[in-house]
Amino acid sequence: MSLEELQKTYASAGQSQVFTFYDSLDGSSQRSVLSQLATIDPVRVSRIAQTVLSDAPASESSEIAPLPESATASVLTAPASHIEEWETTGISLIAQNSVAVVLLAGGQGTRLGSSEPKGCFDIGLPSHKSLFELQAERILSLQKLVQTKTGKTEVIIPWYIMTSGPTRVPTETFFKAHDYFGLDPQNIKFFEQGVLPCIDNSGKILLESKDKVAVAPDGNGGIYRALVQEDVLLDFERRGIKHVHAYCVDNCLVRMADPVFLGFAVSRDVLVATKSVPKRHPKENVGLIVAKDGHPAVIEYSEISDEMAHRTVLDLNSGKEELAFRAANIVNHYYSVEYLKTIPTWPENYLPYHIARKKIPCVDLETGLSISPSKPNGIKMEQFIFDCFPQLDIAQFANLEVRREDEFSPLKNKAGTVGEDDADTSRADLLRQGGRWVIAAGATVSDDVLGIEVPPLVSYAGESLEFVKGRTFRELTILDA
């Protein structure tokens, strides 16, 4: 578009302030800002801003209930035969090369005290493996495991890694520097989530500098738009992918393409499935997977009453009283590719936008001076990955409860600040899991040993550890097959 066309488009959207300093810029800066402005749809931005800034009160009449039993299962109480059946089904799907994994890796490690993408972070294991390396090795391990169990000579689980603008280049550089951790780079595709301009409290697009619009990633819900715009769906079709597992980078215990989870989802014949872990206690501040107005949904803890938080039910499988609302969301999802293929037909309001009020460095339009605000001065607009759930019928959705100690240890905080969900807890959880695995395989671990590091290449989920039977571990050890 020409300068005149861009100016007309932005003016019609009520966003002509982005050209405030254009005439004072040199040629290079003018070309830079025009290039950025050409990638933004100001009419869409204004429409979204108007929606998120509207004063329409949220509905308070929603009926919130636990998911019905027909939509749930738990590895904690399910018969072993069911789990074995799910696993067998999942292994068969992987052997058909019909399964892919999608990693949400757009976050930076700023809160952890790191300038690198979060996946590059070293949680302090004896091996000093990064989160990316642990996950890459789990893919390699699972491919080999499926080959062994099925006799297939070539098993490929392609890995699609969604980055953000700031993490794209350093993530790709990190993978190249580590030779893709043993994976074939042809089976790794990096793609980038979108961004949206930051706005002020009246919906006007903010300028970060005189020649640059302030933008921010569009949230993990941006995955759906990115799957289409970055041709990931086309690659699924080219490879014959029918099932997708999506997860967050910050969970050191995540089981990518977990055969049990895949088999569970397929056995329920659903479009979308999710994993949850039991809440630690009624007051734990976590998102909850529930039925809201008869549809699956994820809600904030604050959306249920104190009575609901403490409500218990008798679990017929275990015979114990359990929290009725206990399905803590861990952003670990299954998708049928048939469902993902419908993304291009979704209306704009299929996923709502949420606002986050932030301190956003910007330029004062009157003085041209840079502002470093001491309090929130603007808004970032984002979507959440689970906001598509309410568009589904309960029959199209299922939730599998898994053990927290086996599958969920998020890395959110800098060690020593909060005391939970940090590198220390992630490392301890992974080492304790390794200790449980070797004990189950017939080994002995001394009481004063913190745990055992079982590299994913040695075992994907505790299998193939017969060689430790009879051994005694008296110190922290990196297990070597």
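Use the structure listed above.
Residues numbered from 1 in each chain as written. Predicted model: local features only at pLDDT ≥ 70, side-chain atom pairs only at ≥ 80, totals over all residues. Heavy atoms only, no water.

Attention shifts here to the pairing of strand 12 (residues 288–292). Among the five residues in strand 12, four count as buried, and that is most of the element. Relative to strand 12, strand 1 (residues 64–65) is paired through two bridges, and the arrangement is antiparallel. Its bridge partner being in strand 12, Ala 65 is matched across the sheet by Ala 291. Where strand 12 lies against strand 13 (residues 295–299), five bridges are found, and the strand directions are antiparallel. Following the sheet pairing, Ala 291 is matched in strand 13 by Pro 296. Between strand 12 and the antiparallel strand that follows it, strand 13, lie two residues; Asp 293 among them carries a positive phi value of about 55 degrees. (Buried < 20%, exposed > 50% of the residue type's maximum accessible area, 1.4 Å probe, protein only. Helix = DSSP H or I, 4+ residues; strand = E, 2+ residues; numbered from the N terminus. Pairing = 2+ DSSP bridges.)

So, about empty space enclosed by the protein. Applying the stated rule across the entire model yields two cavities of 30 Å³ or more. Volume-wise, the largest cavity comes out at about 110 Å³. Looking at the largest cavity, it is lined by 15 residues, and the ones nearest its centre are Arg 138, Leu 430, Gln 433, Trp 437 and Val 454. Secondary structure elements with two or more residues in the lining of the largest cavity: helix 5 (131–150), helix 13 (423–440) and strand 23 (452–453). The greatest single-element share of the lining of the largest cavity, amounting to five residues, is contributed by helix 13. For the lining of the largest cavity, the residue count by class is 10 nonpolar, three polar and two charged. One number sums up the size of the second largest cavity: a volume of about 30 Å³. Contributing to the lining of the second largest cavity are Val 102, Ile 223, Tyr 224, Leu 227, Val 244, Tyr 335 and Leu 340. In terms of residue count, the dominant contributor to the lining of the second largest cavity is helix 7 (residues 223–229) (three residues). (1 Å grid on protein atoms, 1.4 Å probe; cavity = no way out; pocket = protein on both sides within 12 Å on 5 of 7 lines; lining within 4 Å. Points joined across faces, edges and corners; volume = space filled by probe spheres on them. Nonpolar A, V, L, I, M, F, W, Y, C, P; charged D, E, K, R; others polar.)

A side chain of one charge can pair with a side chain of the opposite charge when the charged atoms of the two come close. For the structure on display, the rule yields 24 salt bridges. Here Glu 407 makes a salt bridge to Lys 275, at a shortest N to O gap of 2.4 Å. Pair noted here: Glu 407 is in helix 12 (residues 404–407) and Lys 275 is in strand 11 (residues 272–278), with a separation of 132 residues, a long-range link. On the basis of relative accessible area, Lys 275 is assigned to the buried category, the value being 0%. For Lys 283, the salt bridge identified is with Asp 306, shortest N-O distance 2.6 Å. Within this pair, whereas Lys 283 is found in the loop between strand 11 and strand 12, its partner Asp 306 is found in helix 10 (residues 306–310), the two being separated by 23 residues in sequence. According to the relative accessible area criterion, Asp 306 is partly exposed, its value standing at 43%. (Salt bridge = Lys/Arg side-chain N within 4 Å of Asp/Glu carboxyl O.)

What follows deals with the pairing of strand 3 (residues 99–104). Burial within strand 3 is extensive, with six of its six residues counted as buried. With burial as the criterion, each face of strand 3 is covered, one bearing Val 99, Val 101 and Leu 103 and the other bearing Ala 100, Val 102 and Leu 104. Relative to strand 10 (residues 243–248), strand 3 runs parallel, the two being bridged by six bridges. Residue Leu 104 lies in a different strand from strand 10, and its bridge partner there is Cys 248. As defined by bridge partners, strand 3 adjoins strand 4 (residues 159–163) across four bridges and the pair is classed as parallel. Bridged to Val 101 within strand 4 is Trp 159. On the question of chirality, the crossover connecting strand 3 to the parallel strand 4 by way of helix 5 is right-handed. (Right-handed = clockwise from strand over helix to strand, strands pointing away.)

Think of an α-helix as turning once every 3.6 residues; residues three or four places apart then point the same way. Among all positions of helix 3 (residues 42–52), only Pro 42, Arg 44, Val 45, Ser 46, Ile 48, Ala 49 and Val 52 are buried. As for helix 3, its buried residues are in contact with helix 1 (3–12), strand 6 (195–197), helix 7, strand 17 (354–358) and strand 20 (378–382). The N-cap residue of helix 3 is Asp 41: its side-chain oxygen and the backbone nitrogen of Val 43 are 3.2 Å apart. (Contact = heavy atoms within 4.5 Å. Polar contact = N/O pair within 3.5 Å; in protein donor to acceptor, adjacent residues only side chain to side chain.)

Quick look at the packing of helix 4 (residues 80–95) against helix 5 now. Helices that pack against each other are described as a pair by the angle of their axes relative to one another and the distance between those axes. With their axes 10 Å apart at the nearest point, helix 4 and helix 5 run at an angle of 100 degrees to one another. Relative to helix 5, the element helix 4 lies roughly perpendicular. Across the interface between the two elements, Ile 91, Ile 94 and Ala 95 from helix 4 touch Leu 142, Val 146, Lys 149 and Thr 150 from helix 5. Among the residues forming the contact of helix 4 with helix 5, the class breakdown is five nonpolar, one polar and one charged. (Axes fitted to C-alpha atoms, helices over the stretch in contact; angles between N-to-C directions. Parallel < 35°, antiparallel > 145°, perpendicular 65-115°, else oblique.)

Helix 9 (residues 259–267) packs onto helix 4 with a crossing angle of 95 degrees between their chain directions and a minimal axis gap of 6 Å. With respect to helix 9, the axis of helix 4 lies roughly perpendicular. Note on element contacts: helix 9 touches helix 4 through Pro 259, Val 260, Leu 262, Gly 263, Phe 264, Val 266 and Ser 267, opposite Ile 83, Trp 86, Glu 87, Thr 89, Gly 90, Ile 91, Leu 93 and Ile 94. A class-by-class count of the residues in the contact of helix 4 with helix 9 yields 10 nonpolar, four polar and one charged.

Scanning all chains against the criterion turns up 17 aromatic pairs. Centre to centre, the rings of Phe 175 and Tyr 180 are 6.4 Å apart; their planes meet at 50 degrees, and the pair counts as tilted. Here the aromatic rings of Phe 175 and Phe 190 are separated by 5.2 Å at their centres, their planes lie at 80 degrees, and the arrangement is edge-to-face. You can see Phe 175 sitting in helix 6 (residues 165–177) and its partner Phe 190 sitting in strand 5 (residues 188–192), a full 15 residues away along the chain. For the pair Phe 175 and Phe 190, one class covers both residues: buried. (Phe/Tyr/Trp six-rings, centres within 6.5 Å; stacked < 30°, edge-to-face > 60°.)

Everything listed is a geometric property; what it means functionally is a separate question.
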